[in-house]
Amino acid sequence: MRMRNKYRKPTTFCCNAGSICSLSAVVWGLVGCVIMLHLYSLIHHQDGVGGEIQMRLNRHPLTRELEEVEEESFQIPPPRGKWSPHAPRNKPRPRPRPATPLIEEFLDKSSQIRHLFFPDQRTAIDPMKEAGNDSLYFYPGRMWFDTNGKPIQAHGGGILYVERLGMYYWYGENKDGPTYHAHKKGAARVDIIGVSCYSSKDLWTWKNEGIVLMGEETNETHDLYKSNVLERPKVVYNDKTGKYVMWMHIDDANYTKASVGIAISDYPTGPFDYLYSKRPHGFDSRDMTIFKDDNGVAYLIYSSEDNSELHIGTLTEDYLDVSQVMSRILVGQHREAPALFKHQGTYYMITSGCSGWAPNVALVHAADSIMGPWETMGNPCIGGNKILRNTTFFAQSTFVVPLPGLPGSFIFMADRWNVAELRDSRYLWLPLMVWGAADQPLEYNYGFPLWSRVSIYWHRRWKLPDGWSGQ
Ligand code: DGJ
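A quick note: this is a predicted structure, and the numbers were derived from the prediction, not measured. (Residues numbered from 1 in each chain as written. Predicted model: local features only at pLDDT ≥ 70, side-chain atom pairs only at ≥ 80, totals over all residues.)

A. Geometry of the environment of W417. Inspection of the secondary structure puts W417 in the loop between strand 21 (409–416) and strand 22 (426–437). Between the C-alpha atom of W417 and that of Y427, which follows or precedes it by 10 residues, the distance is 8.6 Å. The residues contacting W417, other than those within four sequence positions of it, are W357, Q396, L422 and S425. (Helix = DSSP H or I, 4+ residues; strand = E, 2+ residues; numbered from the N terminus. Contact = placed C-beta atoms within 7 Å.)

Shown next as structure tokens:
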């Protein structure tokens, strides 16, 4: 900015030498003010994080490999309904249809390229088999087996790290039942089985800890009765009460109950006691997550007003309810599947659009204060190809796991929903990095981007850095 002004021809207008002098003093004064304001906003933004502006711009040497942009190409099958040379001559030739859009191929259970989205179990990640060169490698979209050799059932899930035990716990929907439609127009569904929990020290080898919150088989009035909906369970630990608290989306088969449910346990591996459900702040609540801040204050974030906006509110001290404080964010943006994380004092959130089980483009949002205002920064997906980037790699956000010891490095967890067979939905874990400048600088920031860029890097195969020990 200074350079630009230095070489700019002085604005003279039509006046005498005295006024030229005072005009340039005014211009320089203004330039000074803008620079001061910018410096102030940078320092203010860094409050409490040591003002390490460089840290935001530098990449960690251990994670450089994960930030390489990997491209991907698809062999698209020929258009369907092509004219056949064997067809009778007198019949009008059907016009070849344009190639089926990839997203339709993805949703079509008889697609010729289904194996690209849902590779079969011969390629499964199986930590208990001699993995050799594949040991500790994540393969987004492949089947993933637990230590019993069974596919992991933890959809729409999230991870809790229990430092005291050096253990990660992965909670998610157990969808290991038949997929069906409750009504002709109803969404594909699986009856509630419960919430599964898996434990791991390395985030790759997962031991099944069982179903820690059971669905209800007989009592039709119970929230967890099998024909209802239990989605997106997340668990946090309350340091004051010593309890593990689970929040989840509770609904009826038509998604009209639109509530949150709360369950509690003394242990990370349950069993969790289901307490009750409610509409938080009196509003409808569908996709949701919870986030525990560094100071122990926890928040509920949920899609509301028919998914047209998100609401964010503090939990009570015991984490068993919401308090009165609530803020409406991303109003009119129609976002769901929120996954919230924090880096160097800034809050970030990945969301999806609203298209049922079908994938759509992810967006990343950022805020200085968790209660807002939140700014939308654009699509965080990098690499692959255009269709992969515009469909969140054919998946939907569910959680972002911080990697201790690697500041600015996270794992983005998403679900690749298999709408024909929901139990065979896949997990898509990819490195998420926060560094550098954002794509879309904020208007109120005088053209200087304050937010770091959030990038989710496509990789066919990747692993955590060798030196990373898991804690
Ligand atoms: C999208 C949500 O993100 C999922 O959790 C699930 O509710 C589906 N909609 C159901 O269609």
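B. Molecular detail of the sheet that holds strand 8 (residues 243–251). Strand order across the open sheet formed by four strands is 7-8-9-10, with antiparallel pairing between neighbours. Both outer strands of the open sheet, strand 7 (229–238) and strand 10 (273–278), are each paired with one neighbouring strand and no more. With direction set aside, neighbouring strand axes in the sheet form an average angle of 20°. Bridge count for strand 9 (residues 259–265) against strand 10 is five bridges, and the pairing is antiparallel. Note on strand 10: the bridge partner recorded for G261 is S277. (Pairing = 2+ DSSP bridges. Axes fitted to C-alpha atoms, helices over the stretch in contact; angles between N-to-C directions.)

C. Geometry of the environment of K207. Here K207 lies in strand 6 (residues 207–214). The class of K207 is partly exposed, set by 16 C-beta atoms lying within 10 Å. Distance from K207 to F145, taken between C-alpha atoms, is 9.4 Å for residues 62 residues apart in sequence. Setting aside its immediate chain neighbours within four residues, K207 contacts D146, T147, Y198, S199 and S200. (Buried ≥ 20, exposed ≤ 12 C-beta atoms within 10 Å, placed from the backbone.)

D. How the structure looks around the nonpolar core. Of all hydrophobic cores here, the largest spans 100 residues; its most connected members are M246, L300 and F412. A total of eight residues in this core trace back to one element, the largest contributor, which is strand 22. Beyond its immediate stretch of four places on either side in the chain, L300 contacts W247, V260, P280, M288, I290, G313, L315 and V322. (Core = buried A, V, L, I, M, F, W, Y, C linked by C-beta atoms within 7 Å.)

E. Structural context of the pairing of strand 6. Bridging between strand 5 (residues 194–200) and strand 6 involves six bridges; their strand directions are antiparallel. The residue bridging G194 from the neighbouring strand is M214, located in strand 6.

F. Up close: the sheet that holds strand 12 (residues 298–304). If you trace the four strands from one edge of the open sheet to the other, you get 11-12-13-14, paired in antiparallel fashion. Since the sheet does not close on itself, it has two edges, and those belong to strand 11 (288–292) and strand 14 (322–329), each with one partner. Here the average twist between neighbouring strands, direction ignored, is 25°. Direction of pairing for strand 11 relative to strand 12: antiparallel, over a ladder of five bridges. Bridge assignment links I290 to a residue of strand 12, and that residue is L300.

G. Seen up close, unusual backbone geometry. For the peptide bond that leads from G270 to P271, omega is 5°, which places it in the cis range. Mapped onto the elements, P271 comes out in the loop between strand 9 and strand 10. One non-glycine residue, Y319, lies in positive phi territory at about 65°. Along the chain, Y319 falls in the loop between strand 13 (309–315) and strand 14. Of the residues examined, Y319 has 26 C-beta atoms within 10 Å and is grouped as buried.

H. Representation of the confidence of the model for the protein chain in the model. The predicted model of the protein chain averages 86 in pLDDT, with 79% of residues at 70 or higher. Taking the mean pLDDT of every element in the protein chain, the minimum, 30, falls on helix 1 (residues 2–6) and the maximum, 99, on strand 8. Below pLDDT 50 for its whole length, residues 1–21 participates in 10 contacts with residues either more than four positions away or in separate chains. Confidence drops under a pLDDT of 50 for residues 37–56, and excluding neighbours within four residues, the segment shows 20 contacts in the predicted structure. (pLDDT = per-residue confidence, 0-100.)

I. The arrangement of the environment of V419 in detail. For V419, the location among the structural elements is in the loop between strand 21 and strand 22. Taking the number of C-beta atoms within 10 Å as the measure of exposure, V419 has 16 and is therefore partly exposed. Distance in space between the C-alpha atoms of V419 and T179 is 8.1 Å, their sequence separation being 240 residues. Beyond its immediate sequence surroundings of up to four residues, V419 is in contact with L107, A188 and W357.

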